[in-house]
Amino acid sequence: MIPRAADGYYHPANEEEIVELVQHARAEGLKIRVRGAAHSVEAAIYTGDFLAPPPSEPGINIYMDRMIAVSFDDEKQQVTVEAGCHLGYDPADPAGTSTVENSLFYQLDQHGWAFPDTGGIIHQTVGGFLSTGSSGGSIHHGVGRQIVTFRLVDGQGQIRDFHKSDDLDDPFYGLGVSLGLMGIFTSVTFQCMDRYDIEGVEITSHYDQCEIDLFGPGDDERPSLEQFFRQVEHSRLMWFPQKGIEKMIVWKARKLKETPPGFQRVPYEEFPKLLGSTRNTQVVLNKAFKYFDNLNEPKPSGLGGRLLRRTIGPFYRLFVNKFLIFAVLDPQKFQDSWWQGLPMDNNVDYDLINVRFTELWIPLERSMEVMQDLRTHFEDGGFKATGTFTCEVYATPSSDFWLSPSYGQDVIKVDPFWLTMNRGNPDEVYFPALWEKLKKYDYRLHWGKSLSGEVDFLKPLYPRWDDWMQLRAELDPDQIFVTDYWRRHLGIA
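Before going into details, it helps to say that this report is about the structure given with it. Residue numbers restart at each chain and count upward from 1, following the sequence in its written direction. Only residues with pLDDT of at least 70 get local features here, since the model is predicted, and only at 80 or more are side-chain atom pairs given and counted; chain-wide, interface and lining totals rely on the full set of residues. For side-chain calculations, the full set of non-hydrogen atoms in the structure is used, while hydrogens and water are omitted.

What about the pattern of salt bridges?
- Any carboxyl oxygen of Asp or Glu that lies within 4 Å of a side-chain nitrogen of Lys or Arg is treated as forming a salt bridge with it. Applying the stated criterion across every chain yields a total of 27 salt bridges.
- One salt bridge in this structure joins Asp478 and Arg26, with 2.4 Å as the shortest N-O distance. Taken together, the residues span a long stretch of sequence, with Asp478 in the loop between α15 (465–475) and α16 (484–490) and Arg26 in helix α1 (residues 15–28) at a distance of 452 residues.
- The rule is simple: take the accessible area with a 1.4 Å probe, protein chains only, and divide by the maximum for that residue type; under 20% is buried, over 50% is exposed, in between is partly exposed. Since its relative accessible area comes to 40%, Asp478 is described here as partly exposed.
- A residue is classified by how much of its surface remains accessible, and Arg26, at 36% relative accessible area, is partly exposed.
- For Asp410, the salt bridge identified is with Arg230, shortest N-O distance 3.0 Å. With Asp410 in the loop between β16 (391–396) and β17 (411–419) and Arg230 in helix α6 (residues 225–231), this pair connects stretches of sequence that are 180 residues apart. Going along the chain from the N terminus, every DSSP run of H or I of four or more residues is numbered as a helix, and every run of E of two or more is numbered as a strand.

Here it is in structure tokens:
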């Protein structure tokens, strides 16, 4: 069996080495988990709750940086990729081997192929992105719909293939969102399409000037939010609901039917440049938001605290409005390749602008009610309800995967962001109020983000919950993939 490396991970180079690790874990009663790009909650990734495996950790934590091969089937226009391959370049790759050139999307584009959609970022590994049911911002397209075959090593050390079929009872649909609890993906085959370019625009405005009737049923001039998501091919909203700001950033893009002659990239920039660099802007924002964290204090203490609160609130509104005014005055137009343009958050420096969030997936037809309730919640609760950052709103199409949060229904996704530089645990001081406020909408939660922990609430919302649990038990009878975290959140005995 391969040894544990100095970084705390096991780095298998092939399926046979994964089989040996699984068999060892099973024989010794150890837990075994796989790290992707670590964009999920840490305890959901590893054998324990840590940022990286400590020397004392007995469990087996795998990093698949040596399994990144990509192969093309030109006849079927399908690509098979090993699960450790990143979708795009991962600047935080602990092995330091991730590059643009060895990423899946770059190689697809060079081959003249594409995916119909991507996530908002593409640092993730193929296996990690699929395991939690992650998706992009489009009601028209979904990466999960492109999957043809899963190949994995199950909890008994057997290599197994699962192929897409028309039978929705097929175990393939149980594996679509597996949470790493059914086995270790070794490769995935996707159906591809011809490569394409996109064009888009981002517009920032006050609610009343927004092109969408954000809180109403829509009319001849402005569509409702549900209508907007159904009409626009790719989109997402960033909402600053704080009193005195109350602005919506609307990002939207569409596929070009044909790339015009002389087409040149005009990349989307999420932040304006400062001294020629968007990173400089993020440095300033990082320093500013550390200062604004004082607004999250429920009650300022003493005279100094009260004076600080009276000063910092107006300064916060002035700062954010000044930052957003550039976008209000000058809507940003962009055009790019599919794989560089659709991941609109990919150039955020997560060392500077790092967030925790919970992601609530709610039936799309209830968009108006959800937005109205959120607006009231934000207006009544002040900074304790809004926080000092933003709330993302976008949509995803229905899925046939049994444990997908969009199983059987198109959804609107609400992502309240909490800056990790803030004091306090958002699972305790911020997210619970939102979970309670929106509970009546029977939301399902993104499995890789903060979870409410209410198994009794979530379980009835998944019609195939028991089927998924049965398949999990068959593929991992000794529960070598089941950690305390997942036992608690899924109610596994």
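A closer look at the side chain of Thr189
- By the secondary structure assignment, Thr189 is in strand β8 (residues 184–191).
- Look past the residues within four positions of Thr189 in its chain and what remains in contact with it is Gln78, Val79, Thr80, Gln146, Ile147, Val148 and Thr149. Contacts: residue pairs with any heavy atoms within 4.5 Å of one another.

Here we look at unusual backbone geometry
- Positive phi, close to 60°, is recorded for Ala38, a residue that is not glycine.
- One non-glycine residue with positive phi stands out, namely Gln479, at about 55°.
- One can find Gln479 in the loop between α15 and α16.
- When its relative accessible area of 17% is taken as the criterion, Gln479 is described as buried.

Geometry only, nothing functional implied.
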